[in-house]
Amino acid sequence: MDSAATDEQPAHVKDLAAFLIRHHSDQLRAIALSRDPKLHYPLYVSFAELMDADPPLSHLVFSQPIEYLRFFDEAALWAHKVTLRDLDGFDKGIKKEFIHVRIDISGSPLECPETFPSIGRVRVKHRGILLTLKGTVIRSGAIKMYEGERKYMCQKCKHEFLVYPELESRNSIKLPSYCPSQRSKPCEGNKFTHLEGSITCHDYQEIKIQESTHVLGVGAIPRSIPVILKDDLVDIVKAGDGVIVTGILTAKWSPDLKDVRCDLDPILIANYIRRTNALKSEIDIPDDAIVKFKQFWSDFKDTPLKGRNAILRGICPQVFGLFTVKLAVALTLIGGVQHVDVSGTKVRGESHLLLVGDPGTGKSQFLKFAAKLSNRSVITTGLGSTSAGLTVTAVKDGGEWMLEAGALVLADGGLCCIDEFDSMREHDRATIHEAMEQQTISVAKAGLVTTLSTKTIVFGATNPKGQYDPDQSLSINTALSGPLLSRFDIVLVLLDTKNPEWDGVVSSHILSEGEPDKGNHEEDLANIWPFSMLRRYIHFVKGYFRPVLTKEAEMVISNYYQLQRRSATGNAARTTVRMLESLIRLAQAHARLMFRNEVTRLDAITAILCIESSMTTSAIVDSVGNALHSNFAENPDLEYAKQERLILEKLRSFDELPDTNSMQ
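Residues numbered from 1 in each chain as written. Predicted model: local features only at pLDDT ≥ 70, side-chain atom pairs only at ≥ 80, totals over all residues. Heavy atoms only, no water.

**Section: the overall build of the protein**
So, step 1. Counting its secondary structure elements, the protein contains 22 helices and 24 strands.
So, step 2. In the protein, which comprises 664 residues, the proportion classed as buried is 49%.
So, step 3. Nonlocal contacts in the protein, meaning residues at least 24 apart in sequence, comprise 72% of its contacts between residues at least 6 apart.
So, step 4. Counting only carbon and sulfur atoms, one obtains 52% of the accessible surface of the protein, whose full area is about 32600 Å². (Helix = DSSP H or I, 4+ residues; strand = E, 2+ residues; numbered from the N terminus. Buried < 20%, exposed > 50% of the residue type's maximum accessible area, 1.4 Å probe, protein only. Contact = heavy atoms within 4.5 Å. Areas by Shrake-Rupley, 256 points an atom, 1.4 Å probe, with all protein chains shown as cover.)

**Description of the sheet that holds strand S7 (residues 192-194)**
So, step 1. Strand order across the open sheet formed by 3 strands is S6-S5-S7, with antiparallel pairing between neighbours. Every other strand in the sheet has two partners, leaving strand S6 (160-163) and S7 as the edge strands with one partner each. Each strand axis lies, on average, 40 degrees off the axis of its neighbour in the sheet, ignoring direction.
So, step 2. Relative to S6, strand S5 (residues 150-154) runs antiparallel, the two sharing 4 bridges. (Pairing = 2+ DSSP bridges. Axes fitted to C-alpha atoms, helices over the stretch in contact; angles between N-to-C directions.)

**Considering the pairing of strand S8 (residues 201-210)**
So, step 1. Taken together, the 4 bridges between strand S3 (residues 130-140) and S8 define a ladder with antiparallel strand orientation. Paired with arginine 139 across the bridge in S8 is lysine 208.
So, step 2. Here strand S4 (residues 144-147) runs beside S8; their pairing, made up of 4 bridges, is antiparallel. Directly across from tyrosine 146, in S8, lies its bridge partner histidine 202.
So, step 3. The sheet contact formed by S8 and strand S9 (residues 224-230) spans 7 bridges and is antiparallel. In the sheet register, glutamine 205 faces S9, and the bridge partner there is leucine 229.

**A short note on helix H8 (residues 323-334)**
So, step 1. Over its 12 residues, H8 runs 17 Å from end to end, which matches the ideal 16 Å to within 8%, given 1.5 Å per residue.
So, step 2. Burial runs high along H8: 12 of the 12 residues are buried.
So, step 3. Along H8, the residues classified as buried are Phe323, Thr324, Val325, Lys326, Leu327, Ala328, Val329, Ala330, Leu331, Thr332, Leu333 and Ile334.
So, step 4. At the C-terminal side of H8, glycine 335 shows a positive phi close to 75 degrees. (Expected span 1.5 Å × (residues − 1).)

**Observations concerning the packing of aromatic side chains**
So, step 1. Under the criterion given, the structure shown has 14 aromatic pairs.
So, step 2. With a centroid separation of 6.1 Å and an interplanar angle of 40 degrees, the aromatic rings of phenylalanine 293 and phenylalanine 540 are classed as tilted. Separated by 247 residues along the polypeptide, phenylalanine 293 in helix H6 (residues 287-299) and phenylalanine 540 in helix H18 (residues 531-544) bring together distant segments of the chain.
So, step 3. Between the aromatic rings of phenylalanine 369 and phenylalanine 531, the centroid separation amounts to 5.6 Å while the plane-to-plane angle is 80 degrees, which identifies the pairing as edge-to-face. Of the two residues, phenylalanine 369 is situated in helix H9 (residues 363-373) and phenylalanine 531 in helix H18; the sequence distance between them amounts to 162 residues.
So, step 4. An aromatic cluster is present here, built from Phe293, Tyr537, Phe540, Tyr544, Phe545 and Phe595 joined pairwise through their rings.
So, step 5. For the cation-ring pair, arginine 70 lies above tyrosine 164, with the distance from its terminal atom to the ring centre recorded as 3.7 Å. (Phe/Tyr/Trp six-rings, centres within 6.5 Å; stacked < 30°, edge-to-face > 60°. Lys NZ or Arg CZ within 6 Å of the ring centre and 35° of its normal.)

**Brief notes about the sheet that holds strand S22 (residues 490-494)**
So, step 1. Read from one edge to the other, the open sheet built from 5 strands follows the order S15-S18-S21-S14-S22, with strand pairing classed as parallel. The outermost strands of the open sheet, each flanked by one partner alone, are strand S15 (377-381) and S22. Along the sheet, successive strands turn relative to each other by an average axial angle of 15 degrees, direction set aside.
So, step 2. Summarising the sheet, strand S18 (residues 415-419) and strand S21 (residues 457-462) pair through 4 bridges and their orientation is parallel. When the bridges of S21 are listed, cysteine 416 appears paired with valine 458.

Here it is in structure tokens:
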């Protein structure tokens, strides 16, 4: 530390301590009353608040964080001692040795692009300032212990001072060339003695964060940067977590390799880290948007399905028709409610969707649009993914084995889109069974045994194996195993069959897209729900509503389940148990889509229609047909009434089933 900084230290420590006592007395009191004196305690400070209180001091913290964050820690200890003096009687506090000030830049000017760049735009100019980076944790190292600052004494003047290890030279200690005491007469001593027992040890962990693919352009490779966590910051994030890290950018020497030049690798020493998994700030939902949602459903109170279809038209509007697919995408993204029974067994609330279809039927378009709608998503292809890339892999870094998260772990809490599902090897497809049903991945690699969370929606797309044969099972047509197919709630088949009437309508729609004057009613309805509004709506209903089944809905689902059990044999009988769970999830998702907190008969029958559109079960509705040719009905409420009557008659045709007259 230079002499100028040392001259300023007492004044700044006093100013910073006064700020902490004035604005953070509650945190100081809580730290003082904590019982363990050897722990490292964080003290959270808002940078915006510091700017309001003392702008010059806040600028020094930003521009010279290496020195001034140390001053802040010293000020926190000084303020802690003042707080201890104020505590007496029953609330007498315990003196703490380690308090670290953590700077939160939320709501401050430091959120500008210059001090909050993407990881790929980090440059030398960012070195030495208070820098903030946002990314996803892709690697989490073991917690280690390292020797930090230690105290030395000048043999000439007996002055004691701290020396900090240099990260650039792999935490080696570099002694000053002369005594740093600031007396009126310089000491100029150059022989120092290490004081026994003065070494401070720290917990230490290295993680690696990678920038989100959402902020990258086409063809850009996502960049990553190692982050060092110390003391109270260790072990608070895991692989797959989204994080915002504030810290100091520095560098360290790369490991010695034979015939390889030794370079300085950039690394971020974290001061503050925040998980963004549970934050809803990524999708801002203002109050006026919620008022619009309520007003929308008030306008469509008498024709609710017409209102629902107006929302569905906003999903992938560049693809004409495909009502069944758009409904399935909406229900999959919204999902149902997770159920936990008394024994602690969890039944997932997330739904999975698989599109099977000929090339050119719009499967990849739906995948990409769904990824945009989700606040957290990962897109990959079966051809370019291995089981390690999808789940988790063990990598060796600096002689230590670490786990590196794959696509399903990175998409935890969001959506994982897998295109070209058929291109994956059978072994790779088998690895995602547990991730889809139990929503965990059990790892036992290189001596690392753990379980990672994969609470994600899987949206897959695949081509049929050769020419699709309607007489054969879906498993034979796709070369996907039955157990894997049973984990998808909806499997839709899109066949590019010859249909002159459909071809004429589609060609007219595509040709009229370039002519604004020929806008039709469907395009007008799509304008009601632009992308941003649709994204907010899905996010809002998913978090706000927790629908409960009504007696009518339970009866419809129960009767349909019994019907399927009667007609199913062998392995198919076991898959209908999963189908029952899928029905409940889809019915709850449809209730959310309809802006309701209860699952009605309408939601149950719509869920049955979605299951019937899937080719994994025997259809009781003969008019479903090819999902590719499913268009939006002009009068959906009237069309639903016909389908409801047909389904209820089919369910009532079995004498053994309970009487359903009460459902009318």
